[in-house]
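This is what each chain is made of:
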Amino acid sequence: MIIEISIGSDFINTRKPLPKSLIGNTGAVVEFTGIVRGKESGLPISALVYEAYQPMAEQTMRTIIEELGQRHACHFVHVIHQIGTVPVGEAAVYIVAGATHRAAALGMVGDFMDRLKQDVPIWKTGALDTSGHPLPTTP
Amino acid sequence: MRILFFAHLKKAAGCASAEIHFSGEIDAEMLWQRLLSDYPDLAQYRASVRFARNNTYAITGTRFSDTDEVALIPPVSGG
């Protein structure tokens with residue numbers, strides 16, 4: 001299984017085409033994009049701010065994908081997570097998984113997102129109001 | 001040992017990272033006692049914080065040495 005993980009800013013538009021080596025074997029490609037909504041805790045916002053413990057986040061994502069790959073046999077998984085300021089309407093996270101059949105790719109994407117929100121050290125550390133000023137945050 | 005603080009724990013600790021030193025190995029309870037002595041405002045978050053030792057979550061029985069990098073991981077909120 002090919003695993004690619006990118007954490008940073010300006011990565012979200014680097015979606016990659018199906019690797020040529022996998023053409024012929026891959027019958028299903030499933031993508032999920034998590035978009036920043038316009039409200040946080042009921043207040044209108046213009047952006048969210050993300051922080052990561054990057055080396056551990058990348059390692060944890062890889063471990064999760066390898067574990068999930070035992071149940072959802074995929075040929076490739078590519079994950080991108082933005083950090084820093086992400087405006088409303090833009091993608092904070094993107095995952096694409098390819099497999100022989102759709103059940104594995106769907107399972108990988110859904111289960112990965114659940115695990116991301118449990119174990120991957122990435123945090124929403126703040127939000128900006130519609131004037132671009134930081135909103136008070138509570139842990 | 002290098003200690004890393006993330007998200008709201010930075011404010012509680014007053015810094016993003018710190019160095020502490022000791023001899024031999026210590027367990028999680030001993031590490032907490034040392035951290036709470038130096039950063040008492042962390043106490044309110046202790047129940048929800050996990051230790052990570054060298055990029056991997058610590059588990060029951062994990063021992064920590066002076067050369068480790070230890071991160072305090074508050075509840076995550078990515079995605």
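Here is what the cut-offs are and how they apply
- Residues numbered from 1 in each chain as written.
- Chains lettered and ligands numbered in written order.
- Predicted model: local features only at pLDDT ≥ 70, side-chain atom pairs only at ≥ 80, totals over all residues.
- Heavy atoms only, no water.
- 1 Å grid on protein atoms, 1.4 Å probe; cavity = no way out; pocket = protein on both sides within 12 Å on 5 of 7 lines; lining within 4 Å.
- Points joined across faces, edges and corners; volume = space filled by probe spheres on them.
- Helix = DSSP H or I, 4+ residues; strand = E, 2+ residues; numbered from the N terminus.
- Nonpolar A, V, L, I, M, F, W, Y, C, P; charged D, E, K, R; others polar.
- Pairing = 2+ DSSP bridges.
- Contact = heavy atoms within 4.5 Å.
- Axes fitted to C-alpha atoms, helices over the stretch in contact; angles between N-to-C directions.
- Salt bridge = Lys/Arg side-chain N within 4 Å of Asp/Glu carboxyl O.
- Buried < 20%, exposed > 50% of the residue type's maximum accessible area, 1.4 Å probe, protein only.
- Core = buried A, V, L, I, M, F, W, Y, C linked by side-chain atoms within 4.5 Å.
- Buried area = accessible area lost by both parts, 1.4 Å probe.
- Polar contact = N/O pair within 3.5 Å; in protein donor to acceptor, adjacent residues only side chain to side chain.

Draft legend 1. Spotlight on the layout of surface pockets. Here the second largest pocket is characterised by a volume of approximately 190 Å³. Every residue lining the second largest pocket is counted, 14 residues in all, and those nearest its centre are Ile 35, Arg 37, Tyr 50 and Lys 124 of chain A together with Gly 79 of chain B. Sorting the residues of the lining of the second largest pocket by element identifies strand S2 (28-35), strand S3 (39-40), strand S5 (47-52) and helix H2 (102-119) of chain A as the ones contributing at least two each. The greatest single-element share of the lining of the second largest pocket, amounting to 3 residues, is contributed by S2 of chain A. When the residues that make up the lining of the second largest pocket are grouped by side-chain class, the tally is 7 nonpolar, 2 polar and 5 charged.

Draft legend 2. Inspection of the sheet that holds strand S7 (residues 69-73) of chain B at higher detail. Residue and element names in this part refer to chain B. As summarised here, the arrangement of the 5 strands in space is S2-S1-S7-S4-S5, forming an open sheet in which the pairing is mixed. Among the strands making up the open sheet, the edge pair consists of strand S2 (17-19) and strand S5 (56-57). Contacting strand S1 (2-5), strand S4 (50-53) and S7, helix H2 (residues 28-38) runs over the sheet at an angle of about 105° to S4.

Draft legend 3. How the structure looks around the sheet that holds S5 of chain A. Residue and element names in this part refer to chain A. Spatially, the 3 strands line up as an open sheet ordered S7-S5-S9, and their pairing is antiparallel. The open sheet has two edge strands, strand S7 (84-87) and strand S9 (122-128), and neither has a second partner. Across the sheet, the axes of successive neighbouring strands diverge by a mean angle of 30°, strand direction being ignored. For S5 and S9, the ladder comprises 6 bridges, and the chain directions are antiparallel. Looking at the pairing, Tyr 50 lines up with Lys 124 of S9.

Draft legend 4. Focus on the pattern of salt bridges. Following the criterion strictly, the structure yields 11 salt bridges over all chains and no others. A salt bridge links Lys 10 of chain B to Glu 51 of chain A; its shortest N-O distance comes to 2.8 Å. In this pair, Lys 10 of chain B is assigned in helix H1 (residues 8-13) and Glu 51 of chain A in strand S5, connecting two distinct chains. Across the salt bridge formed by Arg 71 of chain A and Asp 111 of chain A, the nearest N and O atoms sit 3.3 Å from each other. Here Asp 111 of chain A lies in helix H2 and Arg 71 of chain A lies in helix H1 (residues 54-71), a separation of 40 residues in the sequence. A relative accessible area of 58% means that Arg 71 of chain A is categorised as exposed. Look at Asp 111 of chain A and you get partly exposed, because its relative accessible area is 23%.

Draft legend 5. Local environment of the nonpolar core. Counting residues in hydrophobic clusters, the biggest one holds 35 residues, and the most contacted among them are Tyr 50, Met 61, Ile 65, Val 77 and Phe 112 of chain A. Mapped onto this core, the elements with two or more residues apiece are strand S1 (2-8), S5, H1, strand S6 (74-82), strand S8 (91-99), H2 and S9 of chain A. At 7 residues, the largest contribution of residues to this core is made by H2 of chain A. Discounting residues that sit within four places of it in the chain, Met 61 of chain A has contacts with Ile 5, Ile 7, Val 79, His 81, Phe 112, Leu 116, Val 120 and Ile 122 of chain A. The next biggest cluster of nonpolar side chains, apart from the first, holds 22 residues, and it includes Ala 18, Ile 20, Tyr 39 and Phe 64 of chain B.

Draft legend 6. Quick peek at the interface of chain A and chain B. Contact with chain A, which involves 22 residues of that partner, is made by 20 residues of chain B. Of the roughly 1700 Å² buried at the junction of chain A and chain B (both faces included), carbon and sulfur atoms supply 55%. At the surface where chain A touches chain B, the tally comes to 2 salt bridges. There are 16 residue pairs in polar contact (both at pLDDT 80 or more) connecting chain A and chain B. At the level of secondary structure, the elements contributing two or more residues to the side of chain A that touches chain B comprise S5, H1, S8, H2 and S9 of chain A. It is H2 of chain A that provides the largest number of residues to the side of chain A that touches chain B, a total of 5 residues. Along the lines of polarity and charge, the residues of the side of chain A that touches chain B split into 14 nonpolar, 4 polar and 4 charged.

Draft legend 7. Examining the pairing of S1 of chain A more closely. All names here are of chain A. With 5 of its 7 residues buried, S1 lies for the most part within the structure. Relative to S6, S1 runs parallel, the two sharing 7 bridges. Paired with Ile 2 across the bridge in S6 is Phe 76.

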